[in-house]
Amino acid sequence: MSIEHGASGRRSIQVEAAVPGTPEEVWEAIATGPGIGSWFYRTELEERVGGVLKYHTGSEMIHVPATVTVWDPPRRFRHKGKDCGLEGPPTATEWTIEPRSRGRCLVRVVHSLFANTDEWDNYLERFEDGWPQALAILRLYLTHFRGQRATIARASGNHPGSVRDAWQVLLGKLDAVGLAPGDRWALPEGGDAGLGGVLDEIRPEGRQPYLLLRLDEPAPGIAAASAYPVSARAAVMLNLYLYGDEGARAAGAEVAWQAWVNACFA
């Protein structure tokens, strides 16, 4: 884990990714409520210094609203909050956008917490594990669905074994064993409508393995499936970002997808 230690107890991790789009287009995706809600979580955001940012994660953990501390479109956006929970230390997340050649930008995320001991470093480890998948979804969104609004469906489950065991079970249930980027894929028996599309990316190694699919069934969209550690067990997550009128209609299958995950990881 690459935690940097700074002054006044600041501990931080940094991740970055190259994405398509102008700085203005990338800013719209990472620094507006509708934009963030099209590839990450449904989000409320007051676009100003002192404004409130609130994610609607759908999890049982209470998300404490953050406060915008830097607002410099289309270059830099920073907010402070309590990402480790009510009892945790203060945290800060900073986004920067740097233009690159050929219509691309470099997006950098620095996630920090402020503590005098290392007891909260495991939270930074989770952030470091999760951000690569999030930025990969952002890249896929900006490549194929830029400017479109998503309807989000999520389903999650637990596995008593290791993350690697949970990942192998998830791959098998998704009928994705042996797939390579560019391969066609379909899961006709999942949820109410099933899924179909093309494998975009798979990262089977690390503490949070994941795969991304660009969907055309039941609607244009993105499917992200992952496994990750939670305390002494492993968890799995399926996130669907569905676009257009078809997506709005298909997202009603969230209950069915949660039932599917429950059956797979009973």
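Residues numbered from 1 in each chain as written. Predicted model: local features only at pLDDT ≥ 70, side-chain atom pairs only at ≥ 80, totals over all residues. Heavy atoms only, no water.

Novice: Could you clarify how one ought to interpret the nonpolar core in this entry?
Specialist: As a rule of thumb, soluble globular proteins bury nonpolar side chains together. Counting 48 residues, the largest nonpolar core has Trp39, Trp95, Trp131 and Leu138 as its most contacted members. Looking at this core, the element that brings in the most residues is helix H3 (residues 121–144), giving twelve residues. (Core = buried A, V, L, I, M, F, W, Y, C linked by side-chain atoms within 4.5 Å. Buried < 20%, exposed > 50% of the residue type's maximum accessible area, 1.4 Å probe, protein only. Helix = DSSP H or I, 4+ residues; strand = E, 2+ residues; numbered from the N terminus.)

Novice: What exactly am I supposed to notice about the environment of Asn116 here?
Specialist: Structurally, Asn116 is set in the loop between strand S8 (104–114) and H3. Given a relative accessible area of 73%, Asn116 falls into the exposed group. A sequence separation of 98 residues divides Asn116 from Ala18, and the C-alpha atoms of the two residues are 33 Å apart. With residues up to four places along the chain from it excluded, the contact list for Asn116 reads Gly9 and Arg11. (Contact = heavy atoms within 4.5 Å.)

Novice: I tried to follow helix H4 (residues 163–173) on my own but got confused; where do I start?
Specialist: Each α-helix turn comprises 3.6 residues. Residues three or four places apart therefore point the same way. Every buried residue belonging to H4 is among Val163, Ala166, Trp167, Leu170 and Leu171, and all of these are buried. Projection of H4 onto a plane perpendicular to its axis shows the buried side chains occupying an angular sector of 135 degrees, all on one side. Once H4 finishes, Asp175 follows within two positions and takes phi at roughly 55 degrees, a positive value. (Arc of directions from axis to C-beta.)

Novice: Sorry if this is basic, but what is going on with unusual backbone geometry here?
Specialist: Most peptide bonds adopt trans geometry, and most residues besides glycine take a negative phi value. Pro74 follows Pro73 through a cis peptide bond whose omega is -5 degrees. Mapping Pro74 onto the fold places it in the loop between strand S5 (66–72) and strand S6 (76–81). Despite not being glycine, Arg102 has its phi angle at roughly 60 degrees, a positive value. Topologically, Arg102 is positioned in the loop between strand S7 (91–100) and S8. The phi dihedral of Asp175 is positive, around 55 degrees, even though this residue is not glycine. Tracing the backbone through its elements, the reader meets Asp175 in the loop between H4 and strand S10 (184–187). Classification of Asp175 by relative accessible area gives exposed; the value is 53%.

Novice: Where do I start with the packing of aromatic side chains in this structure?
Specialist: Two measures describe an aromatic ring pair: the distance that separates the ring centres and the angle between the ring planes. By the definition in use, this model includes 14 aromatic pairs. On the numbers, 5.6 Å between centres and 20 degrees between planes, the contact of Phe40 with Trp131 is stacked. Residue Phe40 is located in the loop between helix H2 (33–36) and strand S3 (42–45), and its partner Trp131 is located in helix H3; the two are separated by 91 residues in the primary sequence. With a relative accessible area of 14%, Phe40 lands in the buried category. Judged by centre distance (5.4 Å) and plane angle (75 degrees), the ring pair of Trp257 and Trp260 falls under edge-to-face. Within this pair, Trp257 and its partner Trp260 are both found in helix H6 (residues 254–264), separated by three residues, close to a single helical turn. Every member of this aromatic cluster is reached through a ring pair, and the members are Trp39, Phe40, Tyr41, Tyr55, Trp95 and Trp131. In this arrangement the basic side chain of Lys80 is found over the ring face of Phe114, its NZ or CZ atom lying 6.0 Å from the centre. Just above the ring of Tyr123 sits the side chain of Arg126; from NZ or CZ to the centre is 4.8 Å. (Phe/Tyr/Trp six-rings, centres within 6.5 Å; stacked < 30°, edge-to-face > 60°. Lys NZ or Arg CZ within 6 Å of the ring centre and 35° of its normal.)

Novice: Explanation requested: H3 in the structure shown.
Specialist: The end-to-end C-alpha distance of H3, which contains 24 residues, comes to 36 Å, matching closely the 34 Å that a straight helix rising 1.5 Å per residue would cover. Its axis deflected by about 30 degrees at Gly130, H3 carries its strongest bend there, up to four residues before the proline Pro132. (Expected span 1.5 Å × (residues − 1). Bend = angle between axes of the 7 residues up to and from the residue.)

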